[in-house]
Amino acid sequence: MTSPEAIPAATVVVMRDVAGGPPELLMVERSRAMAFAGGALVFPGGRIDPGDHLLTDSHDDAAARVAAIRETIEEAGLALGMACESGALAKLRAALHAGEPFAQLLTEAGLALDLDLLVPFARWLPYGLPHRVFDTRFYLARAPEGATPQVDGSENVRLCWITARDALHAADRGEAMVIYPTRRNLERLALFDGFDSAMAHARRFPIEPITPFVESRGGVDWLCIPEGLGYPVTAERMDRAVRA
């Protein structure tokens, strides 16, 4: 069976520092009606649209950053990389939900994007799957001061601020569904005591496409990722791995 062509996508780990504790991450629970990762707890994000290239020099990384910002507005009502008051943000979000072009909306509102506020973290590119696959670029972003995200109620049914460790524990208790790439990234994010340490760690490792592969160990199949890309856990038994 031929694997479907990968769909370019972007997602962003929005992180807020907490005094005396590990940072909290913004996560959303996808509607169970969604064809991909229905019911899963994920970071805001989605596919890169052709219009996202209009706001850049057409470089793929820049377009992915635009998509990550746009999707975070749509899914969580949170503005990254731009100065936008709550009233203007609500109008912008409603217009995006209505299908109006992001580039046009920004021009009309006199808003500009600072793409440098998103820090490259990883890139996941699975192959060999019978369902749709995404070539997803992951970014880190510091949560805007006083941010009050709100769920969209369609693609996503709830959102939460949660530490990486607590999200993993919720999945282990059966209280949340976490797919394989999200689990590996949560394990990595659990290493950090704040946004600055996460950013410094991300910049120490190359952003190379991570393609999971199956490896037999003692007669048991394990789903693995390459070593040396910053992940503390690089393998999980196939019979325990949750795939979209």
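Here we summarise the structure given alongside this text. (Residues numbered from 1 in each chain as written. Predicted model: local features only at pLDDT ≥ 70, side-chain atom pairs only at ≥ 80, totals over all residues. Heavy atoms only, no water.)

### Some details on the nonpolar core
- Counting residues in each nonpolar core, the largest one holds 35 residues, and the members touching the most others are Leu25, Met27, Leu140, Leu186 and Leu189.
- At the level of elements, strand S1 (7-18), strand S2 (21-30), strand S5 (119-124), strand S6 (134-142), strand S7 (156-163), helix H4 (164-172), helix H5 (180-189) and helix H6 (195-202) are the ones that each hand at least two residues to this core.
- Considering each element in turn, this core owes the most residues, 5 residues, to H4.
- Once you skip the residues sitting within four places of it in the chain, Leu140 turns out to touch Val12, Val13, Leu117, Leu118, Val119, Phe121, Leu189, Phe195, Ala198, Met199 and Ala202. (Core = buried A, V, L, I, M, F, W, Y, C linked by side-chain atoms within 4.5 Å. Buried < 20%, exposed > 50% of the residue type's maximum accessible area, 1.4 Å probe, protein only. Helix = DSSP H or I, 4+ residues; strand = E, 2+ residues; numbered from the N terminus. Contact = heavy atoms within 4.5 Å.)

### Quick look at helix H2 (residues 86-97)
- In this model, H2 (12 residues) spans 16 Å end to end at C-alpha, consistent with the 16 Å of a helix rising 1.5 Å per residue.
- Within H2, the full set of buried residues consists of Leu89, Leu92, Arg93, Ala95 and Leu96. The arc that holds every buried residue of H2, seen down its axis, measures 165°, which confines them to one face.
- Elements in contact with the buried residues of H2: helix H1 (60-76) and helix H3 (102-109).
- Positioned one or two residues after H2, Gly99 has a phi angle of 95°, which is positive. (Expected span 1.5 Å × (residues − 1). Arc of directions from axis to C-beta.)

### Side note on the pairing of S1
- With 9 bridges joining them, S1 and S6 adopt parallel strand pairing. Each bridged residue has a counterpart across the sheet, and for Val13 the counterpart in S6 is Leu140.
- Looking at chain direction, S1 and strand S4 (residues 45-47) are connected through 3 bridges and run antiparallel. Along S4, the bridge assignment pairs Ala9 with Arg47.
- As paired strands, S1 and S2 are joined by 3 bridges and run antiparallel to one another. Bridge pairing in S2 places Arg16 opposite Glu24. (Pairing = 2+ DSSP bridges.)

### Things to note about the pattern of salt bridges
- A complete count under the given rule lists 16 salt bridges for this structure.
- For the salt bridge of Arg70 with Glu74, the shortest nitrogen-to-oxygen distance reads 3.2 Å. On the criterion of helical spacing, the pair formed by Arg70 and Glu74 is a turn pair, its members being 4 residues apart in helix H1. Just as Arg70 is buried, Glu74 falls in that class too.
- One salt bridge in this structure joins Glu187 and Arg184, with 2.8 Å as the shortest N-O distance. Here Glu187 pairs with Arg184, and both are found in helix H5, just 3 residues apart, close to one helical turn.
- Note on Arg184: relative accessible area 2%, which makes it buried.
- A cluster of three or more residues bridged by salt bridges with shared partners is formed by Asp49, Asp52, Arg70, Glu71 and Glu74. (Salt bridge = Lys/Arg side-chain N within 4 Å of Asp/Glu carboxyl O.)

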